[in-house]
Structure formats: C-alpha cells, structure tokens
Amino acid sequence: MAVKRDRTRLAVLLGPVSLFLGICFIGPLVVMIIFSFLEPGLYGGVEWNFYHWNFGRILGWADGEWEDFDWVYAEIFGRSARLAFINVLITLAICYPAALWVRGLPRRWRMFVVFLITLPFFVSLVVRLFAWVLILRPTGFLNYGLVGLGVIEEPLDLIFTETAVLIGMAYVLLPFMFLPVYASVEKLDRSLVEVSSDLGASSFQTFCRVTVPLTLPGIAAGSVLVFIPSLGNFIVPDLLGGAKVLMIGNLIEQQFLSARNWPFGAALSVMMMAVMFLLILIYLRRIGRMQTRP
Amino acid sequence: MPDTGLPGSGSPVAEVLDAVKRFSAPEGGTVTALDEVSLEVSAGEFVTLLGPSGCGKTTLLRCISGFEDLDAGEVRIDGTPMTGVPAQHRPVNTVFQTYALFPHLRVEANVAYGLEVTGVPRRERTVRVAQALEQVGLQGLERRKPDQLSGGQRQRVALARAIINRPKLLLLDEPLSALDRNLRHSMQLELKTLQHELGICFLFVTHDQEEALTMSDRIVVLNHGRIEQIGSPEQLYHEPATSFVAEFIGDGALFTGTIEGDPDPALVTDDGLRLAIRDGVPAGRRMTMLLRPEQLDGAPAAPDSAFGILEATLEQSVFYGATRQLVCRLGNGAAITVTPSPGADGDRLYRAQLGDALRLAYRRAEPHLIEEARDGG
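The structure displayed is predicted, hence computed values, not measured ones.

A. Representation of the overall build of chain A. For chain A, the helix and strand inventory stands at 12 helices and two strands. In sequence order, chain A lays out its α and β elements as α-β-β-α-α-α-α-α-α-α-α-α-α-α. In terms of its C-alpha atoms, chain A occupies a principal-axis envelope of roughly 80 × 70 × 40 Å. Counting only residues that meet the buried cut, chain A has 39% of its 294 residues in that class. For chain A, restricting intrachain contacts to residue pairs at least 6 apart in sequence, the fraction spanning at least 24 positions comes to 66%.

Next comes the structure, spelled out in structure tokens:
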C-alpha cells in the first residue's frame, strides 16, 4: 500500500519533468548523435549510410587522405576552449571581490545589489550586444572619448578582436558567476574568519586557508555555468568578433544554416559536448579533491 | 564608581581601563555597550564576566581579542597597550560560543592551525598538537572532521585549538551554553582543572550565574554596559553591592523600604510590611534587604528577639532531592522562597499543607542590606 502511494507520488512529482526532458532534451540529442554518423547529401539533407569522416574532418583528417590534413577545426576548438577558460578567470576575478564586498553591506542593500546584478536579464541579449558594438567600433563611444580626452591619437582596433569577444562574453555571463559565488560567500560563517585571525593568521592567510576553500562549491558552480555557455556561444563572437574570431558556436551555426551540412554540424555539436563534459568532469574532480584534502 | 575588587596574586596579565564602546542603533542614535569598564585579570586567575544578554560582556571580550575597537579607554596585556594591535598579533585566543571549527579541516589540522599560520616547524607542530589533544582528552579522533564529532568533542577541539598558541589570556564566550546539562557540569569541572594545569588566565563569559559561581575565582557582574560589582563568588552571593546583583545571583526575595529605629530596628516597605533587621543601621535610610531561601526557616516555638518573623501562606512545595523549596505568599502579596533546614522548626514546615498559614523566621543579624541610591526609589 505504502509502496503504491510512493510510486504515485513519484509519478506526479517527476512525471512532468521527465516527459519534458525526454521530448525536448534526450530526443534531439539522440537525433543529433545519429545524424553525426550519417553521410552528408550533395545538396543538403543526409544519405542514410554510416559515415565516420564527419569526426575525421574535425580532427583534421578530412577524408582519410593525408595530403588533405587540416588543423583548422581543431584550432577553432582550441580557441573556443581558451576563450571560455579566460572568460571564467575574468568573471571570477570580477565577481569574487564584488561578492565579498556585497556581503559586508547592510542586509537591505545586499538584496538591492543582487537585484541590480540581475537587471540586465530584463533587456534582450541582442540589444545589449549591439550597444557594445556602438561602444567598441572605431567611431564608437570609447574611441571617441579616448581620442577626445587626448589619451590616444588614433582610434583603437577594438571591435572584431578576441578582446572584444572576451569583453562581450564576460559582460553577458557575469551574473552566472556572481550569483553562485555570492551565495557561497554569503553562507560563509564570519566567526571562521575571526577565529583564523584570532589564531594569528594574516588576512591573506585567512583568505587562502579559510575563505577560498569554504567557497569552492560556489566557485565551481559559477565556473561551470560560465564555461559552458562561453564555449558554445555564437551571438557574441558573431556580433563582436566578426569573421576573424570564429568559435565553435559560429561554426555549428554555419554548418546547419549556411553550408547545409547537417551531419558535420551534428558531429561538431557532439564533439563539443564530449569535450565540455570531459573538461567539466576533470575540473569538478579537482575541486572535490581540493575540498577533501586533509 | 563600582568597587574594582580585590586583585589576585601577582601582577595583572590583562587590564581594561575605562573602556567605552558605542554602537549606532538600527533605529538611529547610539547604544553604549561598554560604559567606563575597568577590570584586571591576574596571573593564573579564572575571571567570569556575568550578566544578562545584551549587557556588553561579549562586546568586552571582542574588544580584548581585537575584533572590535574601543571608542575610549585601553586594553593592556602584560602591561603593553593593545590599541591599534590587530587580533592576529594579540597574545590572546578565543573559544567561540559556536566553536567556529573549520569544517573543511580534520581535528588535527584544526588544532594545528594556529601553529601553521605562525610558521612553527612541522616537527614541533606534531608534538604540540598531540599534547593539546591529550590535555583535552581527544586522543584517537585526530582524523575526524568536525561534522563527525559530538557537541562535547567539538567543544574540546575548540579548546585545544585555542590553547595551542599558549596565549597569555584565554577568552571563552559562553562555551558551554550549547551543551546539555550533564555534559555542562562535567565540562565546568574539566575547564577548571585544565585552567589550573595550564596556568593560563581565563576570562569566561556567561549569563548563567550558577556556572559563574562554581567556576570563578572572581566574578565581574555587568549590566547595561556598566560594572555592577567585582568580587569573589562568596562576596557576590553574601554581600551583593546592588539590588541588581542580589537579584541576578542566587535565589532570594528583595524588600525595599525605609529604616526605622523604633521600637525595634526594622525595614518598613512602602506597602507597610515590617521586617526586623540587625541593630546599628541608622534610621531614615532607604535600603533593600535580601532574604535568601536558606536564611528562612520555621519560626521557633518560643518568642526570641534574635529572629525576624514573617506571616505567610504556603503556595507551592517543590522537591529537589536534597532539599525541598516552599514558595510562600506574604501579607503584602510578595512571593518568598524558603529552604527549610532539618530540625524541629523546619520539620513543621515540611509537614505543612498547601494553603496553610505559616510563621517563617530568619536571624535578623543575617540578611544583607543594600544601600539604595538617593535618586533610585
């Protein structure tokens, strides 16, 4: 009787989410994996033959011919992972001190600042990125201002560079780092910081030995939440990186929408997910080890 | 000015001189948490800060440890002024009320923390950690994490961690309040023994008067940021300087009134209750009389001018094992507690039924009289 009631409960509670994820997440994922092993058709579409050269092409070995060896896709993967990783560092470097500062505020001010942090979500991402285009372009506000102030003579080459992409991605993903980091920083028991200095530790020692280890869960969550969208992002590099800073996201978009090579796009997606999964797994294991260190 | 009490033996290890600390209240304005507080702790002494919550005792502790700065006055340790010295450089350590153990570190790393951050070599560290853990009776639990320990064990880790740097003064902020009653009693004795072994001064904060009485060499009673009295537990119990101390420490009834000399020396309360007092108190003064439960007993059969007599009605009788407490109602409506002693007079009280009229007596030389300030009614 009790078992039966438990099962009903389980079905009611988990049914909707299972159904939703099954149809909208697992289904497309399976389709994607299947497509990644199909042969691209000559005029778009697919031939239903097993074909593994989609992955060969990503790795640089386009069709099994050595003379066609090409690193270009591996390079794009490398650049994407590098930029995503740098973006994690940038957002962390901005958000961690900010979170420490917010914790020191009176309670009602804290709520207000957290609200301010989430404020950009109320405006469309594309609109906000176009604002950055206006700021960064050679005749934009930033160059205009700097030249006007006499800081520089010639407008800086800002837009369509990796720097511009990093600025844009850090800007877009800042709240995803701030919120988890802040949650863990706020939870940190103040008396632990006090007891550390009471026992003779300097502020820096306290930071390294108490504050950081105890807020690692927030740092880990924030890093993952920033890394994943950074790696797959295509709007920011499209608007701020132009054609020069191509990232996997753009490549996948091109394959599906312009090149109409769905199997190759699918293979790129599957590959990206695999890389992401692997990197996050390594990262979380490292964090876990740091936490349980005796 | 309140009495600064008897100094213990030797030179003071810690001194607090005219300490003033104000906080801005959330509603606006300021709250004076410490109002010209002065005290000293001598070598080897166990001093307790006692007072109701919000009396400033924790604030005083935080000012000594360096987590808060004084607005005026000074803290000296071994004669050295501590003004401007950050907490990390003060030769004091604190046991926090919540223990504040590092949840990510094992017991041994928690205890070793103070040695690690001050750069004590590993070899010496190991020896001293083992020694500290032995002193608090925690051998064998070195590899545990704090969440794998009981409340009493955590308390001991906090203690071992705080004594490992060999502080001149150990500050303890209500360290026993989270423990259950039995454990608290045994920890009280252990703390006292440990303090004796280590020879470190303890400054112990509590709101529990019983705890203060059992553990301390001297007690500092704080109320509203001011020192009410400093003295030995015996002094505070038998000769409280203010009615606040009389009320806060031990049980007993307080009667405030005017002294009259005729026909016998007595204190007459505003509602007309007449209480016989010892001879030689000048008439006309306003005083408060403290009657402890053990000073009251059944009235002797024959009239005796050495006793003061109170007529009362028995309202409740509570059995405590070794003693029995009777709660009686006096003619003016005040409640009074009696602990009858064995003997003929006491036995009469033991046999009384609820609602019976009783004659209570006290030796009129015994009750302590407190001079009331002229402005205070």
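There's more to say after this.
B. Summary view of a nonpolar patch on the surface. Residues and elements named next belong to chain A. Among the surface-exposed residues, L10, V12, L13, L14, V17, F20, L21, F25, I26, V30, I34 and W48 lie close enough to one another that they form a single nonpolar patch of about 1,200 Å² accessible area. When residues in the nonpolar patch are grouped by element, the largest group, 11 residues, is from helix α1 (residues 2-36). In this fold, L13 is placed in helix α1. By relative accessible area, which is 56% here, L13 ends up exposed.

C. Quick look at the sheet that holds strand β10 (residues 226-231) of chain B. All names here are of chain B. What the six strands build is an open sheet, ordered β6-β7-β8-β3-β9-β10; its pairing is mixed. Of all strands in the sheet, those bounded by a partner on one side alone are β6 (92-95) and β10. Strand-to-strand, the axes of this sheet are offset by a mean angle of 20 degrees, without reference to chain direction. Here strand β3 (residues 46-50) runs beside strand β9 (residues 218-223); their pairing, made up of four bridges, is parallel. Across the sheet, T48 pairs through a bridge with I219, a residue of β9. Against the sheet, helix α5 (residues 181-198) engages β3, β7 (169-173) and β8 (201-206), with an angle of about 155 degrees to β8.

D. The nonpolar core, seen in detail. Counting residues in each nonpolar core, the largest one holds 60 residues, and the members touching the most others are A:I58 and A:L240. The greatest single-element share of this core, amounting to 11 residues, is contributed by helix α7 (residues 162-187) of chain A. Contacts of A:L240, omitting those with residues within four sequence positions, involve A:L129, A:W132, A:V133, A:L136, A:I159, A:F160, A:T161, A:A164, A:V165 and A:G168. Of all hydrophobic cores here, the second largest spans 34 residues; its members include B:L101, B:V129, B:L141 and B:L194.

E. Region of the structure containing the packing of aromatic side chains. All told, the structure shown has 17 aromatic pairs over all chains when counted by the stated rule. Ring geometry for A:F178 and A:Y182: centres 5.5 Å apart, planes at 5 degrees, overall stacked. Of this pair, A:F178 and A:Y182 both sit in helix α7, four residues apart, which is roughly one turn of the helix. Geometry around A:F264 places A:R57 over its ring, the cationic atom sitting 3.9 Å from the centre. The ring of B:F102 carries B:R161 above its face, with NZ or CZ at 4.9 Å from the centroid.

F. Just the environment of B:L133, in detail. Residue and element names in this part refer to chain B. Residue position: L133 is located in helix α3 (residues 122-135). On the basis of relative accessible area, L133 is assigned to the buried category, the value being 0%. A sequence separation of 26 residues divides L133 from L159, and the C-alpha atoms of the two residues are 9.2 Å apart. Not counting the four nearest positions on each side in its chain, L133 is found in contact with V107, V111, L138, Q139, E142 and A160.

G. Just the packing of helix α2 (residues 107-117) of chain B against helix α4 (residues 151-163) of chain B, in detail. All names here are of chain B. Where α2 meets α4, the axes come as close as 7 Å, and the angle between the chain directions of the two elements is 30 degrees. It follows that α2 is roughly parallel to α4 by the angle criterion. As for the relative orientation of α2 and α4, their crossing is right-handed in sense. Residues V107, N110 and V111 of α2 touch α4, and the partners they reach there are V157, A160 and R161. Taken together, the residues that form the contact of α2 with α4 break down as four nonpolar, one polar and one charged.

H. Local environment of the domain arrangement of chain B. Residue and element names in this part refer to chain B. Under the domain assignment used here, chain B contains domain 1 (12-91 + 167-247) and domain 2 (251-371). The gap between the C-alpha centroids of domain 1 and domain 2 is 34 Å. Carbon and sulfur atoms supply 54% of the area buried between domain 1 and domain 2, which totals about 700 Å² over both sides. Inspection of the region where domain 1 meets domain 2 yields zero salt bridges. Run the count over domain 1 and domain 2 and you get three residue pairs in polar contact (both at pLDDT 80 or more). The set of elements that each furnish at least two residues to the side of domain 1 that touches domain 2 consists of α7 (233-238) and α8 (243-248). In the side of domain 1 that touches domain 2, the residues fall into five nonpolar, three polar and two charged.

I. Quick peek at unusual backbone geometry. All names here are of chain B. Backbone geometry places Y99, a non-glycine residue, at a positive phi of 70 degrees. Relative to the helices and strands, Y99 is located in the loop between β6 and α2. One non-glycine residue with positive phi stands out, namely R166, at about 50 degrees. Note on placement: R166 falls in the loop between α4 and β7. R166 gets classed as exposed once you look at its relative accessible area, which sits at 54%.

J. Quick peek at the packing of helix α5 (residues 125-136) of chain A against α7(A). Residues and elements named next belong to chain A. One can describe the packing of α5 onto α7 by two numbers: an axis separation of 11 Å at closest approach and a directional angle of 145 degrees. Between α5 and α7 the crossing geometry is right-handed. Between α5 and α7, the contacting residues are L125, R128, L129, W132 and L136 on the first element and A164, I167, Y171 and V172 on the second. The residue makeup of the contact of α5 with α7, split by class, is eight nonpolar, no polar and one charged.

Criteria and thresholds
Residues numbered from 1 in each chain as written. Chains lettered and ligands numbered in written order. Predicted model: local features only at pLDDT ≥ 70, side-chain atom pairs only at ≥ 80, totals over all residues. Heavy atoms only, no water. Helix = DSSP H or I, 4+ residues; strand = E, 2+ residues; numbered from the N terminus. Buried < 20%, exposed > 50% of the residue type's maximum accessible area, 1.4 Å probe, protein only. Contact = heavy atoms within 4.5 Å. Patch = residues over 30% accessible without salt bridge, like charges linked within 9 Å, V, L, I, M, F, W, Y side chains within 5 Å. Areas by Shrake-Rupley, 256 points an atom, 1.4 Å probe, with all protein chains shown as cover. Salt bridge = Lys/Arg side-chain N within 4 Å of Asp/Glu carboxyl O. Pairing = 2+ DSSP bridges. Axes fitted to C-alpha atoms, helices over the stretch in contact; angles between N-to-C directions. Core = buried A, V, L, I, M, F, W, Y, C linked by side-chain atoms within 4.5 Å. Phe/Tyr/Trp six-rings, centres within 6.5 Å; stacked < 30°, edge-to-face > 60°. Lys NZ or Arg CZ within 6 Å of the ring centre and 35° of its normal. Parallel < 35°, antiparallel > 145°, perpendicular 65-115°, else oblique. Left-handed = near helix turned anticlockwise from the far one by under 90°. Nonpolar A, V, L, I, M, F, W, Y, C, P; charged D, E, K, R; others polar. Domains from an automatic or database assignment. Buried area = accessible area lost by both parts, 1.4 Å probe. Polar contact = N/O pair within 3.5 Å; in protein donor to acceptor, adjacent residues only side chain to side chain.

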